[in-house]
Amino acid sequence: MRLEGKVALITGGTSGIGRATAVLFAREGAKVALTGRDEVRGRVVLHEVKNAGGEGVFIRSDVRLASDCRHAVDETIKMFKKIDLLFNNAGVFFPRTVPDCPEEEWDQTLDVNLKGTFLMSKYALPHMIERRAGVIVNNSSGWGLVGGDAAAAYCASKGGVVLLTKAMAIDHGRHGIRVNCICPGDVETPMLPEDARQRGQTWEQYLQGAANRPLGRIGKPEEIARAVLFLATDDSSFMTGSALVVDGGGSAD
């Protein structure tokens, strides 16, 4: 029960890493506010949170919209009186080079992955500053630290998340707020099969690429969730401004 008495706000909480983190946080004693655009999936995850022994709420929200981000923060505080933890997890990916990337996809990628992180932090931080306490974990990527093929907008957005994390850590350490990010490698979420499809690969062909990495496989959402939990608790009390790589050794090659 490492999060007993804590309140966590998780964006992109309806699937993948967000879903796994919400359930794990609930098991660890946190009250969880989930955001996402799919209300049906949100209700399913909320049911899983409650089955894990937690208390939760789903707030329909699009992180690209300032009004939705402000609403998500306000509703969380209205429901649970505070926000201790913010996990900026919402993200999208399109496999494109610069010449191949439509402007609309570039804008969507930057708006969800980077601007969404900015907006949610913008509205959560004043509450944390007032309380002089809080933890923010941003979801970047291994490709936010090194380049990736056919992922120009994604790499740009996730690289921005890494440096935004460091900037917020510098600005708000004096307020008692820690800000770190995780940098996952390939993780078994709904995003990967879609990436394989757009690249013209079968799922089996896609997985063969992971076999050459040090651990020889892709990751599981629950493995990333445990890294988020580490950054969210006092186990990482002397860490801020860090980019924690959780990629099965992929970036070590």
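Just above sits the structure.
Residues numbered from 1 in each chain as written. Predicted model: local features only at pLDDT ≥ 70, side-chain atom pairs only at ≥ 80, totals over all residues. Heavy atoms only, no water.

*Asks:* Could you clarify how one ought to interpret the overall build of the protein in this entry?
*Replies:* Across its full length, the protein carries 8 helices and 7 strands. At 17 Å, the protein has a C-alpha radius of gyration in line with the 18 Å of a compact globule built from 253 residues. Taken over the C-alpha atoms alone, the protein extends approximately 50 × 35 × 35 Å along its principal axes. Out of the 253 residues belonging to the protein, those deemed buried represent 51%. For the protein, restricting intrachain contacts to residue pairs at least 6 apart in sequence, the fraction spanning at least 24 positions comes to 72%. Summed over its atoms, the accessible surface of the protein is roughly 11600 Å², and 52% of this surface lies on carbon and sulfur atoms. Mean positive and mean negative side-chain charge positions of the protein (30 and 31 charges, respectively) differ by 6 Å. (Helix = DSSP H or I, 4+ residues; strand = E, 2+ residues; numbered from the N terminus. Rg over C-alpha atoms; globule rule 2.2 N^0.38 Å. Buried < 20%, exposed > 50% of the residue type's maximum accessible area, 1.4 Å probe, protein only. Contact = heavy atoms within 4.5 Å. Areas by Shrake-Rupley, 256 points an atom, 1.4 Å probe, with all protein chains shown as cover. Lys, Arg positive; Asp, Glu negative; His and termini not counted. Charge placed at Lys NZ, Arg CZ, Asp CG, Glu CD.)

*Asks:* Which parts of the structure should I look at to understand the sheet that holds strand S7 (residues 243–246)?
*Replies:* Sheet strands associate in pairs through backbone hydrogen bonding, adopting either a parallel or an antiparallel arrangement. The 7 strands lie next to each other as S3-S2-S1-S4-S5-S6-S7, forming an open sheet whose pairing is parallel. With partners counted over all chains shown, the strands left at the sheet margins are strand S3 (55–60) and S7, one partner each. Taking each pair of neighbouring strands and ignoring which way they run, the sheet shows an average axis angle of 20°. In this structure, strand S6 (residues 177–184) lies alongside S7, joined through 4 bridges in parallel fashion. In the sheet register, Pro184 faces S7, and the bridge partner there is Val246. Relative to the sheet, helix H4 (residues 103–131) contacts strand S1 (7–10), strand S4 (85–88), strand S5 (134–139) and S6, its axis offset from that of S4 by approximately 175°. Against the sheet, helix H8 (residues 221–232) makes contact with S4, S5, S6 and S7, and its axis sits at roughly 165° relative to S6, the strand it touches most. (Pairing = 2+ DSSP bridges. Axes fitted to C-alpha atoms, helices over the stretch in contact; angles between N-to-C directions.)

*Asks:* What should I look at first to understand the pairing of S4 in this one?
*Replies:* Remember that side chains alternate between the two faces of the sheet whenever the strand is regular. The two faces of S4 match: Leu85 and Phe87 on one face and Leu86 and Asn88 on the other face are all buried. Two strands pair when backbone bridges link them, and S1 and S4 are joined in this way by 3 bridges, in the parallel orientation. Among the inter-strand pairings, Ile10 is bridged to a residue of S4, identified as Phe87. Across 4 bridges, the pairing between S4 and S5 is parallel. Within S5, the residue paired with Asn88 across the bridge is Asn138.

*Asks:* Explain the environment of Asp253 to me, please; I cannot follow it from the model alone.
*Replies:* Here Asp253 shows up in the segment after S7. When its relative accessible area of 68% is taken as the criterion, Asp253 is described as exposed. Leave out the neighbours within four places in its chain, and Asp253 touches Asn212, Arg213 and Pro214.

*Asks:* What's the story with the nonpolar core in this structure? I'm lost.
*Replies:* The nonpolar side chains of a soluble globular protein tend to be buried with one another. Ranked by internal contacts, the top residues of the largest apolar core, which has 29 residues, are Phe25, Val32 and Ile182. Looking at which element gives the most residues to this core, the answer is H8, with 7 residues. Those residues in contact with Val32 that lie beyond four places of it in its chain are Ala8, Ile10, Ala22, Phe25, Ala26, Val49, Glu55, Gly56, Val57 and Phe80. (Core = buried A, V, L, I, M, F, W, Y, C linked by side-chain atoms within 4.5 Å.)

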